[in-house]
Amino acid sequence: KPRKEHMQRIWDILEERRKHPNTAPPLRVLVLGGSVTEGVGCRQSDNVQQRACNWSVRLESFINKFLGYNAVHIINIAQGGTGTAQALSIVKYWMYPSQLQGYAPDV
């Protein structure tokens, strides 16, 4: 169950982004998982790569369109063949890829 203070922090980030879209960063959401989350086999069309049509990209697009502004940025570091143990190690030991070096995801 989400804790109240965590939900408030998420709300505060989204609200700050709405008020100051040019200066406040979007909510950064990290997605971990295996091949399905990575987008293996995902085909939207012949000229769209698998990472461009996976569920996390679609979720980001849906949320941002629903809210009417770029409120959320989903970072997908899923990799086929990985499991929960690998994902937990990434978070626990701060083994994020270069695109996340220097800051942690918000969620």
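Residues numbered from 1 in each chain as written. Predicted model: local features only at pLDDT ≥ 70, side-chain atom pairs only at ≥ 80, totals over all residues. Heavy atoms only, no water.

Novice: Mind showing me how you'd approach the overall build of the protein chain here?
Specialist: Secondary structure assignment for the protein chain yields four helices and two strands. The proportion of buried residues among the 107 residues of the protein chain is 31%. For the protein chain, the proportion of contacts with a sequence separation of at least 24, taken over those separated by at least 6, is 59%. Of the roughly 7,600 Å² of accessible surface on the protein chain, 56% is carried by carbon and sulfur atoms. (Helix = DSSP H or I, 4+ residues; strand = E, 2+ residues; numbered from the N terminus. Buried < 20%, exposed > 50% of the residue type's maximum accessible area, 1.4 Å probe, protein only. Contact = heavy atoms within 4.5 Å. Areas by Shrake-Rupley, 256 points an atom, 1.4 Å probe, with all protein chains shown as cover.)

Novice: Sorry, what's going on with the environment of Arg-18 here?
Specialist: Tracing the backbone shows Arg-18 in helix α1 (residues 4–19). A residue is classified by how much of its surface remains accessible, and Arg-18, at 44% relative accessible area, is partly exposed. Spatially, the C-alpha atoms of Arg-18 and Tyr-69 are 7.1 Å apart, while their sequence positions differ by 51 residues.

Novice: Sorry, what's going on with the nonpolar core here?
Specialist: Counting residues in hydrophobic clusters, the biggest one holds nine residues: Ile-13, Leu-14, Leu-27, Val-29, Val-31, Tyr-69, Ala-71, Val-72 and Ile-74. Contributions of two or more residues to this core are made by α1, β1 (27–31) and β2 (72–76). The biggest single contributor to this core is β1, with three residues. If near-sequence neighbours (up to four positions away) are discounted, Tyr-69 is found in contact with Leu-14, Arg-17, Arg-18 and Asn-64. (Core = buried A, V, L, I, M, F, W, Y, C linked by side-chain atoms within 4.5 Å.)

Novice: Before we go on, may I ask you to explain α1 in this structure?
Specialist: In an α-helix, one turn spans 3.6 residues; hence positions three or four apart end up facing the same way. Helix length check: α1, at 16 residues, gives a terminal C-alpha distance of 22 Å against a target of 22 Å (1.5 Å per residue), a fit within 8%. Among all positions in α1, only Ile-13, Leu-14, Glu-15 and Arg-17 are buried. Buried residues in α1 make contact with β1 and β2. (Expected span 1.5 Å × (residues − 1).)

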